[in-house]
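What follows is each chain in one-letter form.
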Amino acid sequence: MGQAPEQEHPKNAFGWAAKDTSGVLSPFHFSRRATGEKDVTFKVTHCGICHSDLHMIKNEWGNTIYPIVPGHEIVGVVTEVGSKVSKFKVGDKVGVGCMVGSCRSCDSCAIDLENYCPKVIMTYANKYHDGTITYGGYSDIMVADEHFVVRIPEGTPLDATAPLLCAGITVYSPLRFYGLDKPGMHVGVVGLGGLGHVAVKFAKAMGVKVTVISTSPSKKSEAIERLGADSFLVSRDQDEMQAAMGTMDGIIDTVSAVHPLMPLIGLLKSQGKLVLVGAPEKPLELPAFSLLMGRKIVGGSMIGGMKETQEMIDFAAKHNIRADIEVIPADYVNTALERLAKADVRYRFVIDVANTMKSTP
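Residues numbered from 1 in each chain as written. Predicted model: local features only at pLDDT ≥ 70, side-chain atom pairs only at ≥ 80, totals over all residues. Heavy atoms only, no water.

- In the annotation of an unreviewed UniProt entry, the entry for the chain reads Enoyl reductase (ER) domain-containing protein, and the organism field reads Citrus sinensis.
- As stated in UniProt under Subunit (unreviewed entry), the record for the chain gives "Homodimer."
- Under the UniProt heading Sequence similarities (unreviewed entry), the entry covering the chain gives this text: "Belongs to the zinc-containing alcohol dehydrogenase family." (UniProt positions renumbered as here; feature names shortened; annotations may be inferred.)

Shown next, in the form of structure tokens:
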């Protein structure tokens, strides 16, 4: 057996962890490694709650290692840097997203796509290079290799920036890669949740015409008046969907529940692209004929590399893009996860770690 979590490393740490598939989080003492020569140590101020945290704490994807400290939308202030760190200094505002390591030598790593490295190390519930388990940002302190740390520009609010480290890059990267970032293009965004609401903001900042596609008619005024979408489609309204067929250059599909793809493919122009960024637990049905008629593409995208993540954060700062958040104390986290499961949040919970995550003896 390995050492107890609080004895593995020299730095004392405190967070909230799930111990089993019930997914219930409770206070948890563990430890972080000493600051290595290329490491950045920072005091966590805020951490966003992502939908994937919900899947992971209950082991719904089958790869959870318990105890699990979730959280991969982590921001804070640097308290210590290693002797060979060149990009950061004490006092800098920084963030860590979904990954904390990769092989740094494969084809993907060579072109700044560490997120597609076969040996990518996720921020929590993964084995790190030293064999210990990674713990996420529902905790008071973080240590990460500087390569996987993002600089948060001055004047940018840490709490509303935290969700961009997962939700933001998850939608920014496919908009760029699939060429759906050209002014005047027409892009659909399916689902108006944590991912969808920032997709609207990024696409609008790129000069794109945006239509939100949702099953909830009640979200129409929110989408158009508050988030700045150009139009709104109720996906269950056959007349509305029929009228919009063949009008979109691309669609970013953020929905993580099983849903039909064929109506969405029908909305695309010839050579249009449907990009999935949500991860439903069960396979989706893909009717081939609807792709053949119009040379359409269904693609996927998962977060982004470190270079692009920094680019996204800088773009967000320049265009004043922030997540819409509900800030919560640490001891509300279980209630927040229950509410997230019911989509009862506008649009991202963020834990106020600095002020409310207090270690208990």
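Moving on from the model shown.
Side note on the UniProt feature "domain: Enoyl reductase (ER)" (unreviewed entry) in the chain
Then step 1. Under the present numbering, the feature "domain: Enoyl reductase (ER)" (unreviewed entry) in UniProt falls on residues 23–351.
Then step 2. Structurally, residues 23–351 comprises 26% helix and 26% strand, and the distance from its first C-alpha atom to its last is 17 Å. (Helix = DSSP H or I, 4+ residues; strand = E, 2+ residues; numbered from the N terminus.)

Digging into the layout of surface pockets
Then step 1. In this model, the second largest pocket occupies a volume close to 240 Å³.
Then step 2. What lines the second largest pocket is a set of 13 residues, and nearest its centre among them are Leu113, Tyr116, Ser173, Phe177 and Glu308.
Then step 3. When contributions to the lining of the second largest pocket are tallied by element, the ones reaching two or more residues are α4 (167–177) and α10 (306–318).
Then step 4. Classifying every residue of the lining of the second largest pocket gives six nonpolar, three polar and four charged.
Then step 5. Looking at the lining of the second largest pocket, you find at least three residues from each of domain 1 (11–166 + 305–352) and domain 2 (168–300). (1 Å grid on protein atoms, 1.4 Å probe; cavity = no way out; pocket = protein on both sides within 12 Å on 5 of 7 lines; lining within 4 Å. Points joined across faces, edges and corners; volume = space filled by probe spheres on them. Nonpolar A, V, L, I, M, F, W, Y, C, P; charged D, E, K, R; others polar. Domains from an automatic or database assignment.)

Structural notes on α10
Then step 1. Its 13 residues give α10 an end-to-end C-alpha distance of 18 Å, which sits within 8% of 18 Å, the value for a rise of 1.5 Å per residue.
Then step 2. All of the buried residues along α10 are Met306, Glu308, Thr309, Met312, Ile313, Phe315 and Ala316.
Then step 3. Tucked inside the fold, the buried residues of α10 contact β6 (99–101), β9 (150–151), α3 (158–161), α4 and α5 (194–205).
Then step 4. Note on α10: the residue one or two positions beyond its end, Asn320, has a positive phi of about 60°. (Expected span 1.5 Å × (residues − 1). Buried < 20%, exposed > 50% of the residue type's maximum accessible area, 1.4 Å probe, protein only. Contact = heavy atoms within 4.5 Å.)

Observations concerning a nonpolar patch on the surface
Then step 1. Taken together, the side chains of Phe289, Leu292 and Met293 define a hydrophobic patch exposed on the protein surface, amounting to about 380 Å² of accessible area.
Then step 2. With a relative accessible area of 53%, Met293 lands in the exposed category. (Patch = residues over 30% accessible without salt bridge, like charges linked within 9 Å, V, L, I, M, F, W, Y side chains within 5 Å. Areas by Shrake-Rupley, 256 points an atom, 1.4 Å probe, with all protein chains shown as cover. Salt bridge = Lys/Arg side-chain N within 4 Å of Asp/Glu carboxyl O.)

Points about the packing of aromatic side chains
Then step 1. Enumeration according to the criterion identifies seven aromatic pairs in this entry.
Then step 2. For the ring pair Phe177 and Tyr178, a centre distance of 5.0 Å and an interplane angle of 90° mean the geometry is edge-to-face.
Then step 3. Among the aromatic residues, those joined into a cluster by ring pairs are Phe28, Phe30 and Tyr135.
Then step 4. The ring of Phe315 carries Arg176 above its face, with NZ or CZ at 5.2 Å from the centroid. (Phe/Tyr/Trp six-rings, centres within 6.5 Å; stacked < 30°, edge-to-face > 60°. Lys NZ or Arg CZ within 6 Å of the ring centre and 35° of its normal.)

Section: the pairing of strand β10 (residues 186–190)
Then step 1. Most of β10 is tucked away, with five of its five residues classed as buried.
Then step 2. Neither face of β10 is exposed, since His186, Gly188 and Val190 on one face and Val187 and Val189 on the opposite face are all buried.
Then step 3. One ladder, built from five bridges, connects β10 with strand β11 (residues 209–214); its direction is parallel. If you follow Val190 over to β11, its bridge partner there is Ile213.
Then step 4. Since β10 and β11 lie parallel, the crossover through α5 that links them has a hand, and here it is right-handed.
Then step 5. Inspection of the sheet shows β10 paired to strand β13 (residues 248–253) by four bridges, in the parallel sense. Bridge assignment links Val187 to a residue of β13, and that residue is Gly250. (Pairing = 2+ DSSP bridges. Right-handed = clockwise from strand over helix to strand, strands pointing away.)

A closer look at unusual backbone geometry
Then step 1. Following Tyr66, the chain continues to Pro67 via a peptide bond in cis, the omega torsion being -5°.
Then step 2. Tracing the chain through its elements places Pro67 in the loop between α1 (51–57) and β4 (74–81).
Then step 3. The peptide bond linking Arg346 to Tyr347 adopts the cis configuration, its omega dihedral lying at -10°.
Then step 4. Phi at Arg104 is positive, roughly 65°, even though this residue is not glycine.
Then step 5. With respect to the helices and strands, the residue Arg104 is situated in the loop between β6 and α2 (107–110).
Then step 6. One non-glycine residue, Ala125, lies in the positive phi region at around 60°.
Then step 7. Relative to the elements of secondary structure, Ala125 occurs in the loop between β7 (121–122) and β8 (141–145).
Then step 8. Classification of Ala125 by relative accessible area gives buried; the value is 3%.

Some remarks on the pairing of strand β3 (residues 39–48)
Then step 1. In terms of burial, β3 is a largely internal element, nine of the ten residues being buried.
Then step 2. Here β3 pairs with β8 via five bridges, running antiparallel. Of the residues in β8, the one forming a bridge with Lys43 is Ile141.
Then step 3. As paired elements, β3 and strand β17 (residues 348–352) share three bridges and run antiparallel to each other. Counterpart to Cys47 in the pairing with β17 is Ile351.

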